[in-house]
Amino acid sequence: MNNTIKKKIDTTLKFVYSDNNSLSVIFHNNELLMGVAGEFNKNLKELEKMTNSSLYSRGNSIMIKSDPQKNELIKNAIQFLTNQFINNGSIENKDLISSVDQFMIREKVKNNNVTDIIKTPKKSIIPRSEKQKSYVRALRQSDIVISAGPAGTGKTFLAVAVGLTMLLEKKIERIILSRPAVEAGERLGFLPGDMKEKVDPYLRPLYDSLYDLFDFEKIQRMIEIGDIEIAPLAFMRGRTLKNSFAILDEAQNATDTQIKMFLTRIGENSKIVVNGDPTQIDLPNKSMSGLVRSKELLGHLNEISVVDFDHSDVVRHPLVSKIVKAYSKND
């Protein structure tokens, strides 16, 4: 949407409340209404699913029908989406998710245990499923957490968020993020560049989670001074991790021996998290993966929590959940 069109749009929204628990959001510009509602009202349909409410597009308005409190909150979401459309000329799925996160936060705080919410410098993160709530509680309460499930269920992101808050609150002295560089067989010497350049491609998802939670420059500084360490799994051998929050990501690509090695690094005032997706094993022999075996061997210990995610816990693009479910059925 160019600047000329922006100027022509009257962005004032009018709100009409009715006695039957409905609220109408009246648009003064049909182009703006169509942009917010989406083609064939796809944005409204997605909002309905996310909020368990009823939304209708009638004439030049969107009608919200739910309880009064949720009506008010959805109104705020529509205002957020209106601003997004004016500024960007389109509404993406991430905008819908952001609008829901913004307006649902008070309701979720009221209905959930406040300790479920992770407050990082950039954003407040709210677990979206019962499994995610259990996972966040386990991350805070258990010495060791082992989680397994499909991509997009928040295993790594939530663990990094909890670790970062503990570091900023000085409950620990450092975060250690690790994953097996299985594509290189952890024989990294033949790869070009120095050690950082050799391993960074395998560790990029861990960097991405950090940058999403805190300022880039501050994360870089914390890495430089050692408050955050990112290293391949092979580098963990022989160490004892004290006052640390250590995460092993992509653990389905670690062998039984490697996971045992990582878990036994735990030291005083430390937590260890092991995450992976058993359906995405890249090892030459899938039976070599130690993730499932670690759950079976250690799940009975009181100090260790085991959390199993499934497609219903996926929080990425809604299509990801459908893809995961389809492959699970086939497997």
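Rules of the game
- The residue numbers shown here count from 1 along each chain, following its written sequence.
- The model is predicted, so local features are restricted to residues of pLDDT at least 70 and side-chain atom pairs to those at 80 or more, both for listing and for counting; the totals for chains, interfaces and linings are taken over all residues.
- The basis for every side-chain value is the complete set of heavy atoms in the structure, and neither hydrogens nor water enter the calculation.
- Two strands pair if DSSP finds at least two bridges between them.
- Runs of E in the DSSP output that reach at least two residues are strands. Runs of H or I that reach at least four are helices, and both are numbered from the N terminus.
- Angular values range over 0 to 180 degrees, each being the angle between N-to-C directions of two axes fitted as lines to C-alpha atoms, with helices fitted over their stretch in contact.
- For this analysis, residues touch if any pair of their heavy atoms sits within 4.5 Å.
- The aromatic pairing rule takes the rings of Phe, Tyr and Trp, using the six-membered ring of Trp, and pairs them if the centres are within 6.5 Å, calling planes under 30 degrees apart stacked, those over 60 edge-to-face and the rest tilted.
- We call a residue buried when its accessible area falls under 20% of the maximum for its residue type, exposed when it is over 50%, and partly exposed in between, using a 1.4 Å probe and counting protein chains only.
- Our angle categories are set so that under 35 degrees counts as roughly parallel, over 145 as roughly antiparallel, 65 to 115 as roughly perpendicular, and the remainder as oblique.
- All residues other than Ala, Val, Leu, Ile, Met, Phe, Trp, Tyr, Cys, Pro, Asp, Glu, Lys and Arg, Gly among them, are scored as polar; the first ten of these are nonpolar and the last four charged.
- Polar contacts, as counted here, are pairs of nitrogen or oxygen atoms within 3.5 Å of one another; within protein the pair requires one atom able to donate a hydrogen and one able to accept it, and residues that are adjacent in sequence qualify only if both atoms are side-chain atoms.

Visitor: Break down the sheet that holds strand β3 (residues 54-58) for me, with residues and values.
Guide: With antiparallel pairing, the four strands of this open sheet are ordered in space as β1-β2-β4-β3. Sheet topology places β1 (13-17) and β3 at the edges, where each strand pairs with a single neighbour. The average undirected angle you get between the axes of adjacent strands in this sheet is 20°. Across five bridges, the pairing between β3 and strand β4 (residues 61-65) is antiparallel. Residue pairing across strands places tyrosine 56 opposite methionine 63, the latter belonging to β4. Strands β3 and β4 of the sheet are contacted by helix α3 (residues 42-51), whose axis makes an angle of about 160° with β3.

Visitor: Tell me about the packing of aromatic side chains, and name the residues and values.
Guide: A full pass over the atoms with the stated rule returns three aromatic pairs. Between tyrosine 135 and phenylalanine 309, the aromatic rings sit 5.3 Å apart at their centres with planes inclined by 85°, giving edge-to-face as the arrangement. With tyrosine 135 in helix α6 (residues 130-141) and phenylalanine 309 in the loop between β12 (304-308) and α12 (318-330), the pair connects residues that are 174 residues apart, well separated along the chain. Its relative accessible area of 6% is what places phenylalanine 309 among the buried residues. When the ring of tyrosine 211 is compared with that of phenylalanine 216, the centres are 4.7 Å apart and the planes differ by 45°; the resulting orientation is tilted. On the basis of relative accessibility, which here comes to 16%, the residue tyrosine 211 falls in the buried class. Put simply, the rings of Tyr207, Tyr211 and Phe216 touch in pairs and so form one group of aromatic residues.

Visitor: Summarise the packing of helix α2 (residues 30-37) against helix α4 (residues 68-88); cite the residues concerned and give the values.
Guide: Contact geometry for α2 and α4: axes closest at 9 Å, N-to-C directions at 110°. With respect to α4, the axis of α2 lies roughly perpendicular. On the side of α2, the interface is formed by Glu31, Leu32, Gly35 and Val36, while α4 contributes Ile78, Leu81, Thr82, Phe85 and Ile86. For the contact of α2 with α4, the residue count by class is six nonpolar, two polar and one charged.

Visitor: How would you sum up α2? Please name residues and give values.
Guide: For α2, the set of buried residues is Leu32, Leu33, Gly35, Val36 and Ala37. Next to the buried residues of α2 lie β2 (22-27), α3, β4 and α4. The opening residue of α2, the one whose side-chain oxygen lies 2.9 Å from the backbone nitrogen of glutamate 31, is asparagine 29.

Visitor: Got a sec to walk through the sheet that holds strand β9 (residues 228-232)? Specific residues and values, please.
Guide: Across the sheet, which stays open at both edges, the six strands sit in the order β9-β8-β10-β11-β7-β12 with parallel pairing between neighbours. Whereas interior strands pair on both sides, the edge strands pair on one side only; in this sheet they are β9 and β12. For this sheet the average axis-to-axis angle between neighbouring strands, irrespective of direction, equals 15°. Both strand β7 (residues 144-148) and strand β11 (residues 271-276) contribute to a ladder of five bridges, which runs parallel. Residue pairing for β11: isoleucine 146 is matched across the bridge by valine 274. Along the sheet, α6 makes contact with β7, β10 (244-248), β11 and β12, crossing β11 at roughly 150°.

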